[in-house]
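Topology and contacts: notes
The primary structure of each chain is shown beneath.
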Amino acid sequence: MSKTNDVVIKIATVNGTGSASANGLLMKAIFRMGIPVVGKNYFPSNIQGLPTWYEIRVTGEGHQARLERVDLMVAMNVQTYQKDLASLTPGGWFIYDSTWPRSKLLDRSDVTVLGVPLSRMCNEHFDTARARILMKNIAYVGVVAALLDIDLEIIRQLLNETFGAKKHLIDSNIEAIHLGYDYAVQHYSCPLPVKVEKMDKTRDHIIIDGNTAAGLGCVYAGATVGAWYPITPSTSLMDAYKRFCKMYRMEGDKKKFCIVQAEDELSAIGVVLGASWNGARAFTPTSGPGISLMSEFIGFAYFAELPAVIFDVQRTGPSTGMPTRTQQCDLVSCAYASHGDTKHVLLFPANPEECFYMAPKAFDLAERLQTPVMVLSDLDIGMNDWMCPDLDWDDDYVPDKGKVLSAEDLENMDAFYRYLDVDGDGIPYRTLPGVHPKGAYFTRGSGHSKYGAYTEDADEYQEVVDRLLVKWETARNLVPEPEIEYSKFNKSAVISFGSCDGAVKEALITLKKKNVGLNYCRVKAFPFSDAVKEFIDQHDYIYVVEQNRDAQFRTLLVLDIEAEASKLIPVLHYKGLPISADFVARRVLEEIARGQAA
Amino acid sequence: MSYIAKPKISHPKMPRNKLGLTIRDYEGGVSTLCAGCGHDSITAAIIQAVFELGIEPHKLAKMSGIGCSSKTPAYFVSQSHGFNSVHGRMASVTTGANAANRDLTYIGVSGDGDSLSIGMGQFAHVIRRNLNMCYIIENNGVYGLTKGQYSASADVGSVAKKQPANRQMPIDPVSTAIGLGATYIARSFSGDKQQLVPLIKGAITHKGFALLDVISPCVTFNDNVGSTKSYAYTRQHFHHVIDADYIAPSEEILASYNAGEAMPVKLHDGSKIVFRKLNEDYDPTSRAAAFSFLRDSVNQGEIITGLLYINESPGDMHSDASTVDTALANLDYKDLNPGRQKLAELMSRYR
């Protein structure tokens, strides 16, 4: 095995030992060498003491997904040695702390075991228990740097930036890097046949997670009210919003934003609706269990026609599920959240970059359509570090506040009626409290006529819910269009959305090499636009790739645009790990072998 | 809720408030509650209070949840926006509304079911936030719309129509609010408009969270012999401890009080609440004293009414959160967006 800029490094540690910064250092160093990277964190729902893994894929070709391969295992957790050894791809390297030699335990003949006495070296060089633990992490970065030929000067630069004026910390970290680096160079033939080499493929790119990007997007969108109840994996979205607000939204010591940490999700969405009713851009980040709790209010907002933006950073369900694992499992519960006939606009970002740009889009749609809009991110996008192009902003952007009547408009009107379809697009005009006495109306979730009055009259009720369907069709034309790629004239295709995108795109390349050319449609929103329907109509076999057990995306295609179910072939990944490129390619080939055409 | 527009009949000599409006400008639709419902009297008191305060109708926001009480915002100030939310969740909606626009006056109308059962969590937490609002509980001890089940405020031993006596301990919103640190707490009776109107005016003017627990008999399901929330029982047992007069900033204190009996408290806008102590042992500015007095009164079977506790501290949710003085919903987008250049600078942190 000899490869350059194509290696998967997996680091097994114990959570709470400070390995996250070491892993970040390693990934950033490779990124700074101009080589694209993919980072995945597999962490427990726990604060300290349980196994955790960090995976860095070095991909000179710039792929975005994970692979099921591990070339270099940095095994720092004795509890998982055997599992980690077993998961190493044949021909790979297994690095472990040989302070306590384990020659009998580590007995795979098809891999190379490299022992480095990290604990012994750190115990000799550092005084305190805490420093010894932390520096062991930095020392394995040194080992990997030597084995893969990572530029030490870049690592030094990164440490300088991290610790700034704290020179003693820079010195001790560099010392630890050298402990590992020098030992590896002296005892093993470095670099290994797999190594890294400088490129120029990360210029104008950043490494960012989706929650940070979404929180930043909310600041740029002009959101002023954020309400939430902390829940993994959405917590860091509000943390980011707060951090960026403190950078950009202060007027002296006064804040041009208000964050309400509510008592639960039922309250968080109530706060959002109250604020939207008053004309502010308001949002709440949550995850699946939060959507369940918010459902009653989401139905209220649908029927009373109030804007709301909800970020659902999906995690593995059902129930509490696995809070620190990823899935795309809330599609149906979000699309039809709440009792009665309801359906909601959903956006599907595929990466952190889209989390940023879809934030203002979500507010624009919510205010234009006067309805809740949910951005369905997931743990993989939200919490993992992704390489993305630099985020950019158009200073000409003006928020779309939708059909809101001003005091002047109201002054010149004979009478205002809240739910009249004046323009024929199913979207009525609304007024904000405090603007004009003529604008007053009663916002209610009970039956109402188009004039906004309470009703129990059969026809008056039906007129309003039928008009909401007109609005639904308007939404279909306003949501972002899918991204469609034609491989060649072909009757077979893949349709997918969200965080599957990277794995699908890479799988398409793999499949093409095996003479399987597939067209691809990556959907960005629900309801599905006409382009999605046309794409489905054009093909005879469509692999529907998604990350849940019950083919929820496929269900929505059947329900919303009456796609022919028999030609939609489910490709489902739902173990809680991000979908891999290998998986998609393998499943498509299996289906072809079983008789589905390609 | 059914809504019948009320014809506007105005006499040229009707009294006008500081805005030149008459009380007719503060009326709402015709009530569809049962004839004699206590809630309608409270509606009338709210109309009187906001008229006398001279609040611009469109600067008032009427918030409610679900239940008979939550219907009533349709029956007052029809030129105000109303938000009839979902059951037990008025507090969160009002929190958001106030977060976005601090310039409006918020009156929330709720009931004992809406606030003390399904909405107990939100009731507790809106107090913790010290949201600037007037929160009225129209308290009748039963669920009216679902035909007479006991609510969480029903007293032990109280008997509602067609029900065996209640055996579960009641939740008292007043002592709960004292425990949670509410800054203005009053109790009154729907049949005592003279006491109620100044209490509502004080609650609206008070900066921070103001609770008004108003015993409001349900004539259909809980006005029978054996009920502790009936008109007859309430009239026999209610007991003014502290009466309060509301004095607008521009008004002089004209009423004469016996020395040692009157105690003025200044509200944030310069208006005053003048307490008239009818019970010498009572100190409405002491949380501990108010709490123990209430406990004793419960043991004696008395319904203590009046302004039971006030802490005219200057704070509310916005001062705790240090938000800007301008309503957030009224800020210009250009003041909210950092712009392209700042984003370009930020990117270097992520390389």
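Predicted model, so just to flag it, every value in this text is computed and none were measured. Note on numbering: residues in each chain are counted from 1, in written sequence order. Here the convention is simple: chains get letters from A, ligands get numbers from 1, in the order in which they are written. Two thresholds apply to this predicted model, a pLDDT of at least 70 for residue-level local features and 80 or more for giving and counting side-chain atom pairs, whereas whole-chain, interface and lining totals are computed over all residues.

**As for the overall build of chain B**
For helices the rule is a DSSP run of H or I covering at least 4 residues; for strands it is a run of E covering at least 2, with both sets numbered from the N terminus onward. The helix and strand tally for chain B stands at 11 helices and 12 strands. Its C-alpha atoms give chain B a radius of gyration of 21 Å, near enough to 20 Å, the size a compact globule of 351 residues would have. With respect to the principal axes defined by its C-alpha atoms, chain B has extents near 75 × 50 × 50 Å. With 351 residues in all, chain B has 52% of them scored as buried. Only C-alpha atoms enter the radius of gyration; for comparison, a globular chain is expected to reach 2.2 Å times N to the power 0.38, where N is the number of residues. With C-beta atoms placed from the backbone, a residue is buried if 20 or more other C-beta atoms are within 10 Å of its own, exposed if 12 or fewer are, and partly exposed between those counts.

**What about the overall build of chain A?**
Summing up its helical and strand segments, chain A has 19 helices and 25 strands in all. The C-alpha extent of chain A, read off along each of the three principal axes, is 90 × 65 × 40 Å. Relative to its 598 residues, chain A shows a buried fraction of 54%. Residue pairs in contact within chain A that sit at least 24 positions apart in sequence constitute 74% of those at least 6 positions apart. A residue pair is marked as a contact if its C-beta atoms, positioned from the backbone, fall within 7 Å.

**Description of unusual backbone geometry**
All names here are of chain A. A cis amide bond links Cys 190 with the next residue in sequence, Pro 191, at an omega value of -10 degrees. With respect to the secondary-structure elements, Pro 191 resides in the loop between helix 6 (167-187) and strand 8 (194-195). Although it is not a glycine, Ala 551 adopts a positive phi angle of roughly 55 degrees.

**Brief notes about the packing of helix 6 (residues 173-180) of chain B against helix 9 (residues 287-299) of chain B**
All names here are of chain B. Angular values range over 0 to 180 degrees, each being the angle between N-to-C directions of two axes fitted as lines to C-alpha atoms, with helices fitted over their stretch in contact. Interhelical geometry of helix 6 versus helix 9 gives an angle of 155 degrees and a closest axis separation of 10 Å. In terms of orientation, helix 6 lies roughly antiparallel with respect to helix 9. In this structure, the crossing between helix 6 and helix 9 has a hand that is left-handed. Along its contact with helix 6, which presents Val 174, Ser 175 and Ile 178, the element helix 9 presents Arg 287, Ala 290, Phe 291 and Leu 294. Oblique is the label for every angle not falling under 35 degrees (roughly parallel), over 145 degrees (roughly antiparallel), or within 65 to 115 degrees (roughly perpendicular). Crossing handedness is defined as follows: a turn of the near helix away from the far one that is anticlockwise and smaller than a right angle gives a left-handed crossing, while the clockwise case is right-handed.

**Quick look at the interface of chain B and chain A**
Where interface size is given, it is often the accessible area lost as the parts come together that is meant. Contacts between chain B and chain A engage 51 residues on the former and 57 residues on the latter. For the side of chain B that touches chain A, the secondary-structure elements that each account for two or more residues are strand 2 (81-84), helix 3 (90-100), helix 5 (120-128) and helix 11 (340-346) of chain B. Note on residue classes: Ala, Val, Leu, Ile, Met, Phe, Trp, Tyr, Cys and Pro are nonpolar, Asp, Glu, Lys and Arg are charged, and everything else, Gly too, is polar. Here the residues of the side of chain B that touches chain A sort into 23 nonpolar, 21 polar and seven charged.

**A look at the domain arrangement of chain A**
Residues and elements named next belong to chain A. You can read the domains of chain A as domain 1 (3-203), domain 2 (208-389), domain 3 (407-478) and domain 4 (483-593). Boundaries of every domain are those given by an automatic assignment or by a domain database. In this structure, domain 2 and domain 4 have C-alpha centres spaced 26 Å apart. With 20 residues of domain 2 in contact, the opposing surface of domain 4 contributes 20 residues. Mapped onto the side of domain 2 that touches domain 4, the elements with two or more residues apiece are helix 11 (331-335), strand 16 (345-347), strand 17 (372-378) and helix 13 (379-383).

**A word on the sheet that holds strand 21 (residues 492-497) of chain A**
Residues and elements named next belong to chain A. Following DSSP output, two strands are said to pair if at least two bridges run between them. One open sheet accounts for five strands, arranged 20-22-21-24-25; its pairing is mixed. Where the open sheet ends on each side, the last strands, each with one partner, are strand 20 (483-485) and strand 25 (568-572). Neighbour-to-neighbour, the strand axes of the sheet open up by a mean angle of 20 degrees, direction not taken into account. Direction of pairing for strand 21 relative to strand 24 (residues 541-546): parallel, over a ladder of four bridges. Bridge assignment links Val 494 to a residue of strand 24, and that residue is Tyr 543.

**What about helix 19 (residues 581-593) of chain A?**
All names here are of chain A. For helix 19, with 13 residues, the first-to-last C-alpha span of 19 Å sits near the 18 Å given by 1.5 Å per residue. By the burial criterion, the buried members of helix 19 are Ala 581, Phe 583, Val 584, Ala 585 and Val 588. Contact partners of the buried residues in helix 19: helix 16 (501-513), strand 24 and strand 25. Looking one or two places after helix 19, you find Gly 595, whose phi comes out positive at around 115 degrees. Helix span, as expected, comes to 1.5 Å for every residue beyond the first.

**What about the sheet that holds strand 17 of chain A?**
Residues and elements named next belong to chain A. Strands sit in the order 13-10-14-15-17-16-23 across an open sheet of seven strands; the sheet is mixed. Two strands lie at the open edges of the sheet, namely strand 13 (258-261) and strand 23 (525-526), each paired on one side alone. Both strand 16 and strand 23 contribute to a ladder of two bridges, which runs antiparallel. Each residue of the ladder has a partner; that of Leu 346, found in strand 23, is Phe 526.

**Concerning the confidence of the model for chain B**
Scored from 0 to 100, pLDDT records how confident the predictor is in each individual residue. Looking at chain B as a whole, its pLDDT mean stands at 90, while 93% of the residues score no less than 70. Here the complex is predicted with pTM 0.96, and the ipTM for its interfaces comes to 0.96.

**A word on the pairing of strand 2 (residues 6-14) of chain A**
Residue and element names in this part refer to chain A. In terms of burial, strand 2 is a largely internal element, seven of the nine residues being buried. Relative to strand 4 (residues 51-59), strand 2 runs antiparallel, the two being bridged by nine bridges. Its bridge partner being in strand 4, Ala 12 is matched across the sheet by Trp 53.

**Topic: the environment of Gly 252 of chain A**
Position of Gly 252 of chain A relative to the elements: it lies in the loop between strand 11 (250-251) and strand 12 (254-255). In this structure, the C-alpha to C-alpha distance between Gly 252 of chain A and Asp 394 of chain A, residues 142 residues apart in sequence, is 27 Å.

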